[in-house]
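Topology and contacts: notes
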Amino acid sequence: MSDLTETTPGWLSPDELEMARARMPILYVEAVPVRVDDSGEVTSIGLLLRIGPDGTVSRTLVSGRVLHHERVRDALLRHLEKDLGPVALPRIPASLQPFTVAEYFPTAGITPYHDPRQHAVSLAYIVPVTGDCRPRQDALDLVWFTPQEAGSAAVQSEMPGGHGVLLKQALAHVGHVA
């Protein structure tokens with residue numbers, strides 16, 4: 001047993017993360033970035049363009065793990081800044097009740113959500129952004145779609161792992177049923 005104190009809690013080594021993923025569900029947050037007009041109506045939905053580890057290009061939402069001893073609000077802000085840039089100016093909802101909870105399983109078909117790496121539980125939020133969004137990290141681009149375009153079969157087919165289902169739920173939540 002070591003007498004050293006961990007001074008940067010929350011981060012797991014790759015081996016520790018793999019072991020945790022194999023033994024318990026991991027908590028995530030997901031955000032659907034939107035632009036709204038003066039009356040609060042959603043006018044655009046931002047989807048990230050990414051290249052997966054296997055080289056496939058797909059559209060996805062802002063997503064990431066909640067760290068140990070991190071508030072959900074802080075995790076949302078951290079992932080929005082990481083994916084959209086430091087001047088995206090997200091407006092985190094005053095109430096942190098998600099519009100849905102998505103359960104990702106490593107076995108396909110249990111729910112519409114699938115993550116071959118792990119069992120994950122994700123709190124999903126719709127987050128208005130007012131600033132300049134410039135994707136960072138592993139995102140290639142951020143494309144803004146109208147609600148009708150985002151709900152289209154073409155866009156949905158580009159969203160793996162159930163993100164298309166999650167996007168449709170977000171659209172329905174804000175009154176845009178496809």
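Anything mentioned here points back to the structure above.
First things first, this report covers the structure right here in the doc. (Residues numbered from 1 in each chain as written. Predicted model: local features only at pLDDT ≥ 70, side-chain atom pairs only at ≥ 80, totals over all residues. Heavy atoms only, no water.)

Let's shift gears to the pattern of salt bridges. Applying the stated rule across the entire model yields seven salt bridges. In this structure, Arg78 engages Glu70 in a salt bridge whose closest nitrogen and oxygen atoms are separated by 2.8 Å. Assessed through its relative accessible area of 24%, Arg78 is described here as partly exposed. Residues joined by salt bridges that share partners form a network here, namely Arg50, Lys82 and Asp83. (Salt bridge = Lys/Arg side-chain N within 4 Å of Asp/Glu carboxyl O. Buried < 20%, exposed > 50% of the residue type's maximum accessible area, 1.4 Å probe, protein only.)

What follows covers the environment of Asp54. With respect to the helices, strands and loops of the structure, Asp54 is situated in the loop between β2 (42–51) and β3 (57–60). With relative accessibility at 62%, the residue Asp54 sits in the exposed group. In this structure the side chain of Asp54 is engaged in a polar contact, spanning 2.8 Å, whose partner is the side chain of Thr56. (Helix = DSSP H or I, 4+ residues; strand = E, 2+ residues; numbered from the N terminus. Polar contact = N/O pair within 3.5 Å; in protein donor to acceptor, adjacent residues only side chain to side chain.)

In this section: the layout of surface pockets. Looking at the largest pocket, its volume works out to about 1000 Å³. Going through the elements one at a time, β1 (26–36), β2, β3, β4 (62–65), α2 (72–84) and β6 (120–128) are the ones with two or more residues in the lining of the largest pocket. (1 Å grid on protein atoms, 1.4 Å probe; cavity = no way out; pocket = protein on both sides within 12 Å on 5 of 7 lines; lining within 4 Å. Points joined across faces, edges and corners; volume = space filled by probe spheres on them.)

Below, the discussion takes up a nonpolar patch on the surface. Taken together, the side chains of Ile51, Val57 and Leu140 define a hydrophobic patch exposed on the protein surface, amounting to about 280 Å² of accessible area. Tracing the backbone through its elements, the reader meets Val57 in strand β3. Taking the relative accessible area as the measure of exposure, Val57 reaches 52% and is therefore exposed. (Patch = residues over 30% accessible without salt bridge, like charges linked within 9 Å, V, L, I, M, F, W, Y side chains within 5 Å. Areas by Shrake-Rupley, 256 points an atom, 1.4 Å probe, with all protein chains shown as cover.)

Once that is clear, we can look at helix α1 (residues 14–23). For α1, the full list of buried residues reads Leu17, Ala20 and Arg21. Looking down the long axis of α1, one finds its buried residues gathered within 100° of arc, a one-sided arrangement. Residues of α1 that are exposed and point more than 90 degrees away from the buried face comprise Asp15, Glu18, Ala22 and Arg23. Lining the buried residues of α1 we find β1 and β4. (Arc of directions from axis to C-beta. Contact = heavy atoms within 4.5 Å.)

Time to look at the environment of Val36. Mapped onto the fold, Val36 is located in strand β1. The residues touching Val36, leaving out its near neighbours within four places in the chain, are Glu41, Val42, Thr43, Arg91 and Pro128.

Counting residues in hydrophobic clusters, the biggest one holds 24 residues, and the most contacted among them are Val32, Ile45, Leu47, Phe99, Leu166 and Leu167. Broken down by secondary-structure element, the contributors of at least two residues to this core are β1, β2, β5 (100–104), β6 and α5 (163–173). Discounting chain neighbours no more than four positions away, the residues touching Ile45 are Val32, Pro33, Val34, Val143, Trp144, Phe145, Thr146, Pro147, Ala150, Leu167 and Leu171. Ala31, Leu76, Leu123 and Val129 belong to the second largest nonpolar core, which has 18 residues in total. (Core = buried A, V, L, I, M, F, W, Y, C linked by side-chain atoms within 4.5 Å.)

Of note in this structure, His69 is not a glycine but carries a positive phi near 70°. When you line up the elements, His69 lands in the loop between β4 and α2. According to the relative accessible area criterion, His69 is exposed, its value standing at 78%. For Leu89, which is not glycine, the phi torsion reads 55° and is therefore positive. Locating Leu89 in the fold gives a position in the loop between α2 and β5.

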